Amino acid sequence: MSNVLDALLDSLRRLKHLTLRFAARAWRTFSFAAVILSLLLTPSSYRGDNRVAIEKQLIAGTGQNVLWFTVLCSLVSLVLIRIVVVTAISYGLSRFALEMVVRVLVLELIPLTAAVFVALRCTLPDGVELAELRARGVLDEMARRGVDPVGREALPRVLAGVFLVWLLVAVTCVVSLLLAYFTIYGFTGSAFAGYTRVVGQVFSPAVSVILLLKTLFFSIAVSLIPISAALYDHVSNTLRGRSKAARELASMVRLFSVILLIEVISLVGNYY
C-alpha cells in the first residue's frame, strides 16, 4: 500500500511539474507574441537594417520553397483527386465527387500540409539558428550596441514564416481547384457554371471564415513557437547537453501538438 501511495504521489509531482512548465512556456509564447505585435505597429521596425533583414528573410523563404512545394502539392493533389473521383463513381456518388475533393483537399489537407512544410523547412531551423546565436552571445552583443535583437533577428523570421504559410495556402488552393476542374470535367468551359456553383456552396460564409482563421492560427503557431523557444527557453533546455537534432525534435513536438489542436477545433467547427 505504501509503495502504491508513493508511486501515486510521484506521478502527481511529475504532473504538477509538467503543468507548470507548460504554463511557463505558454506564457513566454504569449509575451513574445505581444512583443512582436508591438514591433509590427512600430514604424522604426521597417527602417534601415531591419528592413533589409525582413526583405532577406522573405526572399529566402519564398524563393526556395514556393515553386517546388507547388509542384509537389500539385502531383499529390492529382493522385488524391483521381482516388476520390474513382471511389465516388464506384459507389454511385459521382455528383458528390467535386464537393468531396474540395472539402478534403482544399479545406483540410492543403492548410495543414503548408503549415507543417513551413515549420520543417523554415521556422524550426530558424529557431535552432537563433538559439545558437543566443548561446554564442551574439544577441547580447547586439543589445550592448543599441540594436534590438528581437527586431533585427526574430521579427524578420516570424514575418517570413507567417507570409510563407499564407502564400503557399493561397497558391496551392487555386492550383488544386483548377486541377480538380480539369480532372473531373476535362478541357472544356461548358461545365464552369456548375463547377463554380458547387464550389460556392462548399465555401459558405462560415466555412470560409473557419478556413481563414485556421490558416491564420497555423501561420502564427509555426512562426512564434520555435522562435519564442529559441529566445526565452533556459540555456540548459536549448543547448547544453543536447544535439541540434534533439533541440529541433523538442520544438517540433510542442509545435505539432498545437497544430493538431487547431486542426481538431477546425474540424469540429466545420462538421459539428
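Throughout what follows, the structure given in this document is the object of discussion. Predicted model, so just to flag it, every value in this text is computed and none were measured.

### A word on the layout of surface pockets
The volume enclosed by the largest pocket comes to roughly 890 Å³. Only helix H1 (2-40), helix H7 (205-232) and helix H9 (244-271) provide two or more residues apiece to the lining of the largest pocket. The element contributing the most residues to the lining of the largest pocket is H7, with eleven residues. Across the lining of the largest pocket, the residue classes tally to 18 nonpolar, five polar and six charged.

### Things to note about the packing of aromatic side chains
Per the stated rule, a full pass over the model turns up ten aromatic pairs. Ring plane angle 75° and centroid distance 5.6 Å describe the contact between Tyr 181 and Phe 182, whose orientation is recorded as edge-to-face. An angle of 75° between the planes, with centres 5.0 Å apart, marks the rings of Tyr 181 and Tyr 195 as edge-to-face. Here Tyr 195 lies in helix H6 (residues 192-202) and Tyr 181 lies in helix H5 (residues 149-185), a separation of 14 residues in the sequence. Both residues of the pair, Tyr 181 and Tyr 195, belong to the buried class.

### Let's talk about the pattern of salt bridges
One pass over the full model with this rule turns up seven salt bridges. With its nearest N and O atoms 3.4 Å apart, the salt bridge here joins Glu 129 to Arg 157. Of this pair, Glu 129 sits in helix H3 (residues 97-135) while Arg 157 sits in helix H5; the two residues are 28 residues apart in sequence, bridging distant segments of the chain. Taking relative accessible area as the criterion, Glu 129 reaches 38% and is therefore assigned partly exposed. By relative accessible area, Arg 157 is classed as buried at 4%. By sharing partners, the salt bridges in this structure join Glu 108, Lys 214 and Glu 263 into a single network.

### Some remarks on H3
Between its first and last C-alpha, H3 extends 53 Å over 39 residues, near the 57 Å set by a 1.5 Å rise per residue. Along H3, the sharpest change in direction is near 45° and occurs at Ala 119. Remark: Gly 137 follows H3 within two positions and exhibits a positive phi of approximately 85°.

### Details of empty space enclosed by the protein
Per the stated rule, a full pass over the model turns up two cavities of 30 Å³ or more. Approximately 30 Å³ is the volume attributed to the second largest cavity. Lining the second largest cavity are Leu 80, Ile 81, Val 84, Met 100, Val 101, Val 104 and Leu 105. Contributions of two or more residues to the lining of the second largest cavity are made by helix H2 (48-90) and H3.

### Side note on the packing of H3 against H7
Here H3 crosses H7 at 15°, and the two axes come no closer than 7 Å. On the basis of their axis angle, the class for H3 and H7 is roughly parallel. The handedness of the crossing between H3 and H7 is right-handed. Among the residues making up the contact of H3 with H7, the classes are represented as 19 nonpolar, four polar and four charged.

### Describing a nonpolar patch on the surface
Judged by side-chain polarity, Trp 166, Val 209, Leu 212, Leu 213, Leu 216, Phe 217 and Ile 220 come together as a nonpolar surface patch covering roughly 580 Å² of accessible area. In terms of residue count, the dominant contributor to the nonpolar patch is H7 (six residues). Relative to the helices and strands, Val 209 resides in helix H7. A relative accessible area of 45% places Val 209 in the partly exposed class.

Reading the values: rules and limits
- Residues numbered from 1 in each chain as written.
- Predicted model: local features only at pLDDT ≥ 70, side-chain atom pairs only at ≥ 80, totals over all residues.
- Heavy atoms only, no water.
- 1 Å grid on protein atoms, 1.4 Å probe; cavity = no way out; pocket = protein on both sides within 12 Å on 5 of 7 lines; lining within 4 Å.
- Points joined across faces, edges and corners; volume = space filled by probe spheres on them.
- Helix = DSSP H or I, 4+ residues; strand = E, 2+ residues; numbered from the N terminus.
- Nonpolar A, V, L, I, M, F, W, Y, C, P; charged D, E, K, R; others polar.
- Phe/Tyr/Trp six-rings, centres within 6.5 Å; stacked < 30°, edge-to-face > 60°.
- Buried < 20%, exposed > 50% of the residue type's maximum accessible area, 1.4 Å probe, protein only.
- Salt bridge = Lys/Arg side-chain N within 4 Å of Asp/Glu carboxyl O.
- Expected span 1.5 Å × (residues − 1).
- Bend = angle between axes of the 7 residues up to and from the residue.
- Axes fitted to C-alpha atoms, helices over the stretch in contact; angles between N-to-C directions.
- Parallel < 35°, antiparallel > 145°, perpendicular 65-115°, else oblique.
- Left-handed = near helix turned anticlockwise from the far one by under 90°.
- Patch = residues over 30% accessible without salt bridge, like charges linked within 9 Å, V, L, I, M, F, W, Y side chains within 5 Å.
- Areas by Shrake-Rupley, 256 points an atom, 1.4 Å probe, with all protein chains shown as cover.

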